Amino acid sequence: SGSRGAWLIEAAIFSLYFLLQLMRRMEQRSRVFLTFVASSVAIGITAATFLFLKQITGFIGRDATLSGRTAIWAQVWSFIVQRPVLGYGYDAFWQGIHGESFRVVAAVHFIVFHAHNGFLEIWLELGAAGLFIFLLSYARAWKKLWPLLRRGEIDHAAWPLFLLVLIFLYDLDENTLLIFNGL
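Notes on the structure in this doc start here.

A closer look at the overall build of the protein
Scanning the protein for helices and strands turns up 7 helices and 0 strands. Sequence-ordered secondary structure for the protein, helices as α and strands as β, is α-α-α-α-α-α-α. Taken along the three principal axes of its C-alpha coordinates, the protein extends 60 × 40 × 25 Å. Of the accessible surface of the protein, which amounts to about 11700 Å², a share of 69% is contributed by carbon and sulfur atoms. The positive charge centre, built from 15 side chains, and the negative charge centre, built from 12, are 9 Å apart in the protein.

Things to note about the layout of surface pockets
Any space left empty among the atoms is revealed by the rolling of a water-sized probe across them. Within this model, the largest pocket holds a volume of roughly 1900 Å³. Forming the walls of the largest pocket are 42 residues, and the residues nearest its centre are A12, T46, F168, L169 and L172. No other element matches helix α1 (residues 4-24), which puts 11 residues into the lining of the largest pocket.

Thoughts on helix α6 (residues 118-151)
Its 34 residues give α6 an end-to-end C-alpha distance of only 32 Å, which falls more than 12% under 50 Å, the value for a rise of 1.5 Å per residue. Along α6, the helix axis deviates most sharply at L126, where the bend reaches about 130°. The N-terminus of α6 is capped by N117, whose side-chain oxygen sits 2.9 Å from the backbone nitrogen of F119. Once α6 ends, the next one or two residues include G152, with phi positive near 85°.

Here is what the cut-offs are and how they apply
- Residues numbered from 1 in each chain as written.
- Predicted model: local features only at pLDDT ≥ 70, side-chain atom pairs only at ≥ 80, totals over all residues.
- Heavy atoms only, no water.
- Helix = DSSP H or I, 4+ residues; strand = E, 2+ residues; numbered from the N terminus.
- Areas by Shrake-Rupley, 256 points an atom, 1.4 Å probe, with all protein chains shown as cover.
- Lys, Arg positive; Asp, Glu negative; His and termini not counted.
- Charge placed at Lys NZ, Arg CZ, Asp CG, Glu CD.
- 1 Å grid on protein atoms, 1.4 Å probe; cavity = no way out; pocket = protein on both sides within 12 Å on 5 of 7 lines; lining within 4 Å.
- Points joined across faces, edges and corners; volume = space filled by probe spheres on them.
- Expected span 1.5 Å × (residues − 1).
- Bend = angle between axes of the 7 residues up to and from the residue.
- Polar contact = N/O pair within 3.5 Å; in protein donor to acceptor, adjacent residues only side chain to side chain.

Quick look at the structure:
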């Protein structure tokens, strides 16, 4: 893939795989500690990325707008605040050069078919109500996964863990959550 985002997501998934292999050999107390340390490192990397985004994107040969995504997100946000609770309806906003989506196209100067962020897309189309329902189901999946990780059932936890992490990371810069037959 030419997408640097895909490369970064792949690196994160491989890092998670190696972390799970390491956890497989540990006792429960050590697994909890390693999870805490890994989460802290991930939060630190996220904060550093946010603070040094321009330098990082320049280093990997991209611009700080993430190929125009930040402009799209700003425009999408202006429409979210107009209908924050219920949104515009499932598959009702992005109508090409028709309707409200044309204002986004006119502002960013290229054709846009979705928000390039799955979470903003849910909020735009289904409102805060839809985003809340998604976040509840996402949190429920993590709640079911956590006991498996604590007990060291890495083989049973690996697939759901990879899926949950992939959903989160991939939908930061793309939209797969609301695509027809996207799951």
